[in-house]
Amino acid sequence: MPADLYGRFASSFSRFADRPLIDTGECTYTYDEIEHTAARLAARLIAIGLAPGERLLVQTAKSVEALILYIACVRAGAIYLPLNVDYTEAELAYFVGDAEPVLAICDPERVVLFERIGAPAVRTLAQLFADLPEITAVSVPRAADDIAAILYTSGTTGKPKGAMLTNANLVSNGETLIDIWRFTPEDRLIHMLPIFHVHGLFVAMHCVLFSGACAIFLPKFASDPAIRHMENASVMMGVPTFYTRLLADAAFTREVAAPMRLFVSGSAPLSADIHRAFEDRTGHRVLERYGMTETGMLASNPYEGERRAGFVGPPLPGVELRIAEFETGEVLPQGEVGIVEARGPNIFKGYWRNPEKTASEFRADGFFITGDMGVIDERGYLQLVGREKDLIITGGLNVYPAEVEALLDDRADIAEAAVIGVPHPDFGEAVVAVVQAGEGFDEAVVASALRHDLAGFKCPKAIIAVPELPRNTMGKIQKKLLRERYADLFATAGA
Ligand code: AMP
């Protein structure tokens, strides 16, 4: 198989020419149709001045055109740089300054903004697609190590960093995933994720494109259309909130899920509670996997074999995972909690124009320090216990939020919990649980149950009920925001 990403797409375009690639529910596009339009669009991008290695910045609503633009950009040999549609002007100005794109594509209402913040050329998708030339561009050859895409990662501290992903990173990860998840041209994947993020763009779309499958391509998650399309679908990929919301819908039944062969979850922890409830309702065990922008996918529960609730599975073939001591880098024995480190063909090339940051996140032997804390059990399954930055140190003792959250999530009177550390005059940090309360919630009952199951220092010093936990577009709970909100909770305690 070709080592360059467009070469990999091209192999599918020729093998599956007449097969459907995109089904919007209203319209179907074959591989051939998408390839033809992408080729013409690539010619236009090149004519505008998008040379190999130059950046194409894209901030648009999800659409078939936006997806074709991605394929065209790869074909033109340029670097694709998709951005979350929620970014504000100040954030966009930073991205434009940092990435120096030659061309920015945005929705019509943002053209003036992009011009104001100094993007050199700005177009809408409609302008880009108008009267496309009939000529088909030759695809621009790219080497395995050339950068195909830059994705900015939110990061918990500091400015977002642009993760540079090479052709080989994306090809190797896609090949591995279609193999371990058994993708075939018969597959139809319900695609309700955004396409500015690794999950919707690379994991979901590369599984489809590499295997000759079809994406049921919908603007965003909603349980009605998800349920409707399952009759004619085989795979769904989602963030945990998709599954929570499906379970909240009484119309989502065992019969509805019966035609499906696989439900994949990732980007945020899927609670063991939801995992079990999903199996009780549908008979399917959700397949949870783990990855990140910088690395693509790293670990996955097996397709055949045991999918364990609360675990993200063994490393993918070709990927090495190990647990180390964060400060010293000393590799820890199996069974100990530490920082997850990864090495493999899928690990990114570095942060865009940030060699210092890149150097500080790799060990000397090439392992990338993920920033996630975890433990590997005796069967080689990885369990995540929280981000290193979310680790709570209270009175000198470590508390891993995931351990406390798992107990809270398991309770019928709590929908979901986020456990954070906030400043405390005596303990340095205090454990605080912020919970989305369900029926019959009583703080005293929860506190006493936790005292029964957990060592005293791990028990929250406060349990705060809120109507809803703050999340980002990928369904991740925004702990940073919660820490800010409750920073003064113990400001006067002990004083
Ligand atoms: P992103 O770069 O936005 O994809 O975020 C990557 C981060 O999401 C990882 O470093 C993990 O902290 C988290 N993550 C991804 N998948 C999972 C999972 N299955 N369980 C828990 N956390 C996850």
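Everything numeric here is computed off the predicted structure, so don't read it as measured data.

Asker: Run through the overall build of the protein, naming residues and quoting values.
Answerer: Counting its regular elements, the protein contains 16 helices and 24 strands. Computed over its C-alpha atoms, the radius of gyration of the protein comes to 23 Å, within 12% of the 23 Å expected for a compact globule of 495 residues. Per-residue burial for the protein yields a buried fraction of 57% across its 495 residues. Residue pairs at least 24 apart in sequence account for 66% of intrachain contacts in the protein once pairs closer than 6 positions are excluded. For the protein, the exposed area adds up to about 19,800 Å²; of that, 53% sits on carbon and sulfur atoms.

Asker: Tell me about the nonpolar core, and name the residues and values.
Answerer: Within soluble globular proteins, side chains that are nonpolar generally end up buried alongside one another. Judged by nonpolar contacts, the single largest core of 113 residues is most densely connected at Phe 9, Leu 56, Trp 181, Met 230, Met 236 and Met 237. Inspection of this core shows a minimum of three residues originating in each of domain 1 (5-199) and domain 2 (221-387). If we ignore the near neighbours within four places in the chain, the residues touching Met 237 are Trp 181, Phe 183, Leu 189, Ile 190, Leu 193, His 199, Val 203, Ala 204, Cys 207, Phe 242, Tyr 243 and Val 264. Grouped together as the second largest cluster of nonpolar side chains are 22 residues, Ile 79, Ala 99, Val 111 and Ala 119 included.

Asker: Describe helix H10 (residues 240-247), naming the residues involved and giving the relevant values.
Answerer: Counting buried positions along H10 yields six of eight residues, so the element is predominantly enclosed. If you check which residues of H10 are buried, you get Pro 240, Thr 241, Phe 242, Tyr 243, Leu 246 and Leu 247. Check the buried side of H10 and you find it contacts helix H9 (223-229), strand S11 (235-238), strand S12 (262-265) and helix H12 (272-282).

Asker: Mind laying out the sheet that holds strand S19 (residues 382-387), listing which residues take part and the relevant values?
Answerer: Here four strands make up an open sheet; going across it, the order is S15-S16-S18-S19 and the pairing antiparallel. Each edge of the open sheet carries a strand with a single partner, namely strand S15 (320-324) and S19. Sheet twist, expressed as the average angle between the axes of neighbouring strands with direction ignored, equals 50 degrees. Here strand S16 (residues 338-343) runs beside strand S18 (residues 368-376); their pairing, made up of four bridges, is antiparallel. Looking at S18, one finds that Ile 339 is bridged to Met 373.

Asker: For a negative patch on the surface, give the residues involved together with the corresponding values.
Answerer: On the surface, Glu 325, Glu 327, Glu 330 and Glu 336 cluster together into a patch of negative charge. Assignment of secondary structure puts Glu 330 in the loop between S15 and S16.

Asker: Outline the pairing of S12, listing residues and values.
Answerer: Side chains Leu 262 and Val 264 of S12 all project onto a buried face; the interleaved residues Phe 263 and Ser 265 project onto the opposite face, where all are buried too. Looking at chain direction, S11 and S12 are connected through four bridges and run parallel. Opposite Val 235, over in S12, you have Leu 262 as the bridge partner. Here two bridges tie S12 to strand S13 (residues 287-292), and the two strands are oriented parallel to one another. The partner of Ser 265 across the bridge, within S13, is Glu 288.

Asker: Just give me the short version of the sheet that holds S11, but keep the residues and values in it.
Answerer: Strand order across the open sheet formed by eight strands is S2-S1-S10-S9-S11-S12-S13-S14, with mixed pairing between neighbours. Among the strands making up the open sheet, the edge pair consists of strand S2 (28-30) and strand S14 (296-300). If you compare each strand with its neighbour and ignore which way they point, the axes differ by 25 degrees on average. Of the strand pairs in this sheet, strand S1 (residues 20-23) and S2 are connected by three bridges, and their pairing is antiparallel. Considered in S2, the bridge of Asp 23 is made with Thr 28. Sheet strands touched by helix H2 (residues 31-48): S1 and S2. Its angle to S2, the strand with the most contacts, is close to 75 degrees. Packed on one face of the sheet, H10 meets S11 and S12 and runs near 115 degrees to S11.

Asker: Let's hear about the domain arrangement of the protein: which residues, and what values?
Answerer: What the domain assignment lists for the protein is domain 1 (5-199), domain 2 (221-387) and domain 3 (392-485). The C-alpha-based centres of domain 1 and domain 2 are spaced at 24 Å. The partner domain 2 presents 43 residues to the 36 residues of domain 1 that form the contact. With both sides pooled, the region where domain 1 packs onto domain 2 buries about 3,600 Å², and carbon together with sulfur makes up 62% of that total. On the domain 1 side of the interface with domain 2, the three residues burying the most area are Trp 181, Ile 190 and Met 192, jointly 22% of the side's total. Summed over the shared surface of domain 1 and domain 2, the result is four salt bridges. For Arg 182, the salt bridge is made with Glu 304, and the minimal N-O distance between the two is 2.7 Å. Remark: the boundary between domain 1 and domain 2 carries 23 residue pairs in polar contact (both at pLDDT 80 or more). Mapped by element, the contributors of at least two residues to the side of domain 1 that touches domain 2 are helix H4 (89-99), strand S7 (147-153), strand S8 (161-166), helix H7 (167-180), strand S9 (188-191) and helix H8 (198-211). Sort the elements by how many residues they give to the side of domain 1 that touches domain 2 and H7 lands first, with seven residues. Classifying every residue of the side of domain 1 that touches domain 2 gives 18 nonpolar, 10 polar and eight charged.

Asker: Which residues make up the site of the ligand, and what are the values?
Answerer: Near the ligand there are 16 residues, and of these Glu 288, Arg 289, Thr 293, Asp 372 and Lys 476 occur at the shortest range. In the model, an oxygen atom of the ligand is placed 2.9 Å from a nitrogen or oxygen of the Lys 476 side chain. Alone, the ligand offers 500 Å² of accessible surface; in the complex the protein occludes 88% of this. Counting only elements with at least two residues in the shell around the ligand, the list comes to S13 and S19. Among the elements that take part in the shell around the ligand, S13 stands out by supplying five residues, more than any other. Residues belonging to the shell around the ligand are distributed by class as follows: seven nonpolar, four polar and five charged.

Asker: Tell me about the side chain of Ser 267, residues and numbers included.
Answerer: You can see Ser 267 is positioned in the loop between S12 and H12. Residue Ser 267 is classed as buried on the basis of its relative accessible area, which comes to 15%. At 2.9 Å, the side chain of Ser 267 forms a polar contact with the side chain of His 199. Those residues in contact with Ser 267 that sit more than four places away from it in its chain are His 197, His 199, Val 239, Arg 289, Met 474 and Lys 476.

The rules we used
- Residues numbered from 1 in each chain as written.
- Predicted model: local features only at pLDDT ≥ 70, side-chain atom pairs only at ≥ 80, totals over all residues.
- Heavy atoms only, no water.
- Helix = DSSP H or I, 4+ residues; strand = E, 2+ residues; numbered from the N terminus.
- Rg over C-alpha atoms; globule rule 2.2 N^0.38 Å.
- Buried < 20%, exposed > 50% of the residue type's maximum accessible area, 1.4 Å probe, protein only.
- Contact = heavy atoms within 4.5 Å.
- Areas by Shrake-Rupley, 256 points an atom, 1.4 Å probe, with all protein chains shown as cover.
- Core = buried A, V, L, I, M, F, W, Y, C linked by side-chain atoms within 4.5 Å.
- Domains from an automatic or database assignment.
- Pairing = 2+ DSSP bridges.
- Axes fitted to C-alpha atoms, helices over the stretch in contact; angles between N-to-C directions.
- Patch = residues over 30% accessible without salt bridge, like charges linked within 9 Å, V, L, I, M, F, W, Y side chains within 5 Å.
- Salt bridge = Lys/Arg side-chain N within 4 Å of Asp/Glu carboxyl O.
- Lys, Arg positive; Asp, Glu negative; His and termini not counted.
- Charge placed at Lys NZ, Arg CZ, Asp CG, Glu CD.
- Buried area = accessible area lost by both parts, 1.4 Å probe.
- Polar contact = N/O pair within 3.5 Å; in protein donor to acceptor, adjacent residues only side chain to side chain.
- Nonpolar A, V, L, I, M, F, W, Y, C, P; charged D, E, K, R; others polar.
- Near = heavy atom within 4 Å.

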